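Here are the chains, one letter per residue:
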Amino acid sequence: VDKLSIVSVMGAYRTGKSFLLDVFLRYLQHDGDAKEKVDGLPGWLVGKDPHLREGKGEVPGFFWRGGMDKCTEGIWMWSK
């Protein structure tokens, strides 16, 4: 039996919904030690780069960026 999780985030325009979902995916996709630290941040959060960068597609996840221009809309799904 496969496991299924449904996560829904609602909120006002440009309030961090995609960022939050990207952080969830980074944690769920991390296969290393959950207690590993990189420059004081959890290794699963930053990966190989010690800076949390905009979700630009290098790592599968939600695209997000700062500012007032929207970058995600609709329904997004992942198989893992």
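Okay, so let's go over this structure.

Reading guide: rules and limits
- Residues numbered from 1 in each chain as written.
- Predicted model: local features only at pLDDT ≥ 70, side-chain atom pairs only at ≥ 80, totals over all residues.
- Heavy atoms only, no water.
- Helix = DSSP H or I, 4+ residues; strand = E, 2+ residues; numbered from the N terminus.
- Buried < 20%, exposed > 50% of the residue type's maximum accessible area, 1.4 Å probe, protein only.
- Phe/Tyr/Trp six-rings, centres within 6.5 Å; stacked < 30°, edge-to-face > 60°.
- Patch = residues over 30% accessible without salt bridge, like charges linked within 9 Å, V, L, I, M, F, W, Y side chains within 5 Å.
- Areas by Shrake-Rupley, 256 points an atom, 1.4 Å probe, with all protein chains shown as cover.
- Salt bridge = Lys/Arg side-chain N within 4 Å of Asp/Glu carboxyl O.

1. Describing unusual backbone geometry
Working note: non-glycine residues mostly have negative phi, and peptide bonds are mostly trans.
Inference 1: A positive phi angle is found at arginine 14, which is not glycine, with a value near 60°.
Inference 2: Within the secondary structure, arginine 14 sits in the segment before α1 (17-29).
Inference 3: Overall, the relative accessible area of 26% leaves arginine 14 in the partly exposed class.

2. As for the packing of aromatic side chains
Inference 1: Enumeration over the complete set of coordinates arrives at 1 aromatic pair.
Inference 2: Look at tyrosine 27 and tryptophan 44: their rings are 5.0 Å apart centre to centre, the planes differ by 85°, and that puts the pair in the edge-to-face class. Of this pair, tyrosine 27 sits in helix α1 while tryptophan 44 sits in helix α2 (residues 43-46), and the two are 17 residues apart along the sequence.
Inference 3: Judged by its relative accessible area of 45%, tyrosine 27 is partly exposed.

3. Here's the deal with a nonpolar patch on the surface
Inference 1: A surface patch of nonpolar side chains, about 250 Å² in accessible area, is lined by Val7, Leu20 and Phe24.
Inference 2: As for its position among the elements, valine 7 is in the segment before α1.
Inference 3: You can call valine 7 exposed: its relative accessible area is 52%.

By themselves, these figures tell us nothing about what the structure is for.
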